[in-house]
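So you can see what is in the structure, the chains are spelled out below.
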Amino acid sequence: MWRRVASLSSFFSSSSSSFLPQTASRLNAWESLTTGIAQQANGVIVPKEKTPFITFVLGGPGSGKGTQCIKIVETFGFTHLSAGDLLRREIASNSADGAMILNTIKEGKIVPSQVTVKLLQKEMESSDSNKFLIDGFPRTEENRVSFERIIGVEPNVVLFFDCPEEEMVKRVLNRNQGRVDDNLETIKTRLKVFEALSLPVINYYSQRGKLYTIKAVGAEDEIFEQVRPIFTAIEQAVA
Ligand SMILES: Nc1ncnc2c1ncn2[C@@H]1O[C@H](COP(=O)(O)OP(=O)(O)OP(=O)(O)O)[C@@H](O)[C@H]1O
Ligand SMILES: O=c1ccn([C@@H]2O[C@H](COP(=O)(O)O)[C@@H](O)[C@H]2O)c(=O)[nH]1
Ligand SMILES: [Mg+2]
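The written sequence of each chain sets the order in which its residues are numbered from 1. Ligands are numbered from 1 and chains lettered from A, in the order in which they are written. Only residues with pLDDT of 70 or above have their local features reported here, since the model is predicted, and side-chain atom pairs are shown and tallied only from 80 upward, although totals for entire chains, interfaces and linings are computed over all residues. Where side-chain values are given, they derive from all heavy atoms of the structure, hydrogens and water being excluded.

Take the sheet that holds strand S4 (residues 79–82) next. Each strand in a sheet pairs with its neighbour through backbone hydrogen bonds, running either in the same direction (parallel) or in the opposite one (antiparallel). Here we have five strands laid out as an open sheet, ordered S4-S5-S3-S6-S7, and parallel in their pairing. This sheet does not close on itself; its edge strands, each paired only once, are S4 and strand S7 (211–215). Taken over all neighbouring pairs, the strand axes of this sheet differ in orientation by 20° on average, direction set aside. Alignment of strand S3 (residues 53–59) against strand S5 (residues 131–135), held across five bridges, turns out to be parallel. Considered in S5, the bridge of Ile54 is made with Phe132. Pairing between two strands is assigned when DSSP locates at least 2 bridges connecting them. In this text, helices come from DSSP runs of H or I with a minimum length of four residues, and strands from runs of E with a minimum of two, each type numbered from the N-terminal end. Between N-to-C directions, angles span 0 to 180 degrees; the directions come from axes that are lines fitted to C-alpha atoms, helices contributing only their stretch in contact.

A pair of aromatic rings is counted whenever rings of Phe, Tyr or Trp (Trp by its six-membered ring) have centres within 6.5 Å, and the orientation is called stacked for planes under 30 degrees apart, edge-to-face for over 60 and tilted otherwise. For the structure on display, the rule yields nine aromatic pairs. Judged by centre distance (6.1 Å) and plane angle (80°), the ring pair of Phe56 and Phe137 falls under edge-to-face. Here Phe56, found in strand S3, pairs with Phe137, found in the loop between S5 and helix H5 (141–151); they are 81 residues apart in sequence, far enough to count as distant. Comparing Phe56 with Phe137 shows no difference in burial state: the two are buried. Look at Phe78 and Phe231: their rings are 5.1 Å apart centre to centre, the planes differ by 80°, and that puts the pair in the edge-to-face class. Placement of Phe78 in the loop between helix H1 (65–76) and S4 and of Phe231 in helix H8 (residues 220–238) is noted, with a sequence separation of 153 residues between them. Take Phe231: its relative accessible area is 1%, and that puts it in the buried class. A network of ring pairs unites the aromatic residues Phe56, Phe137, Phe147, Tyr204 and Tyr205 as a single cluster. Over a ring means this: the NZ of a Lys or the CZ of an Arg is within 6 Å of the ring centre and within 35 degrees of the ring normal. Sitting over the face of the ring of Tyr204, Arg144 holds its NZ or CZ atom 3.5 Å from the ring centroid. When accessible area is computed with a 1.4 Å probe and restricted to protein chains, residues below 20% of their type maximum are described as buried, those above 50% as exposed, and intermediate ones as partly exposed.

Let us now look at unusual backbone geometry. Of note, the bond from Phe137 into Pro138 is cis; its omega dihedral lies within 30 degrees of zero at 0°. Note that Pro138 resides in the loop between S5 and H5. Residue Asn94 is not a glycine yet carries a positive backbone phi of 55°. With respect to the helices and strands, the residue Asn94 is situated in the loop between helix H2 (83–92) and helix H3 (98–107). Asn94 gets classed as exposed once you look at its relative accessible area, which sits at 69%. Here the phi dihedral of Asn176 falls at roughly 60°; this positive angle occurs in a residue that is not glycine. Of note, Asn176 is situated in the loop between helix H6 (165–173) and helix H7 (184–207).

By the secondary structure assignment, Thr140 is in the loop between S5 and H5. Distance and chemistry together define a polar contact, namely a pair of N or O atoms within 3.5 Å, with one atom able to donate a hydrogen and the other to accept it when in protein, and with adjacent residues in sequence counting only for side-chain atoms on both sides. Within the local environment of Thr140, its side chain forms a polar contact with the backbone nitrogen of Asn143, the two atoms lying 2.8 Å apart. We call two residues in contact whenever any of their non-hydrogen atoms come within 4.5 Å of each other. Aside from chain neighbours lying at most four places away, what touches Thr140 is Ile110, Leu197 and Val201.

Any residue with at least one heavy atom within 4 Å of a molecule or strand is counted as near it. Close contacts around ligand 1 come from 16 residues, with Lys65, Thr67, Arg175, Arg190 and Gly218 the closest. One nitrogen or oxygen atom from the main chain of Gly62 is found 2.9 Å from an oxygen atom belonging to ligand 1. In the model, an oxygen atom of ligand 1 is placed 2.8 Å from a nitrogen or oxygen of the Arg175 side chain. In isolation ligand 1 exposes 630 Å². Once the protein is present, 79% of that is buried. All accessible-area figures derive from a Shrake-Rupley calculation using a 1.4 Å probe, and residue coverage is judged against the displayed protein chains alone.

Before going further, it helps to spend a moment on the environment of Lys192. With respect to the element layout, Lys192 can be found in helix H7. It is 13 Å that separates the C-alpha atoms of Lys192 and Pro164, two residues lying 28 residues apart in sequence.

In this section: the confidence of the model for the protein chain. Per residue, pLDDT captures the predictor's confidence, and it can take any value from 0 to 100. Overall, the prediction assigns the protein chain a mean pLDDT of 85, with 79% of residues at 70 or greater. For the stretch residues 1–41, pLDDT sits under 50, and the model shows 116 contacts to residues farther than four places along the chain or on other chains. Reported confidence for the predicted complex is 0.99 by ipTM and 0.86 by pTM.

In structure tokens:
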């Protein structure tokens, strides 16, 4: 069932990105709130009781997506699904796809959409939560289309953490979490992949009026002050 919710555009100002050719549009994402996840039962499509609110959290490697997601969870109670973390969990559990995922991550390339979307789907379907932060996905147009086809829903909001390359490289090299892809060689590929494959996704959502660009330089708390009003307005709108 489709349902229209009043536009939130008056809560937000436009934002722009040094990466993006066009100005990001205002939030009118609530218009797509209604698509919902559908589950198949005995050949019949049965909508889930409540439609999830989905935020995609995008940005280059080391732009601070994970760091800000933790703050959003603490303040606004979303469920954080990091696609990279789910893939690393597959590697750690020695699953059938583990070796392929490890090689792909080491090379800084993109795991096949079907694998990542299946992991996200499993988490979303088994969660009691109805509001998700999907961090680091979709990374390609193919990822995006697969998510929409398999999950049957579009994001309501897309955040883009816009950070200069030299700052991202510095952060990743200082991260010190033992990640196999936190080395100069892999970072170079990850940055190229981001520019070639992920920026088109960001542009797509900008054109759809769903994109919020956050200037991701400065102290973590200062950056969160750009994020906070977006989620405050969402809370007010659904209350
Ligand atoms: N505003 C900031 N200033 C300085 N360092 C930061 C800032 N935000 C995050 N960091 C640090 O930079 C590193 C990368 O941050 P984070 O892991 O959040 O990025 P990410 O976008 O999730 O990266 P990836 O895509 O590689 O997972 C971490 O060590 C984090 O503590
Ligand atoms: O949707 C995704 C997300 C991640 N990957 C691969 O994992 C690494 C690390 O991801 P982070 O978000 O930086 O933790 C990424 O470079 C890709 O190799 C992916 O393929 N698809
Ligand atoms: Mg991360």
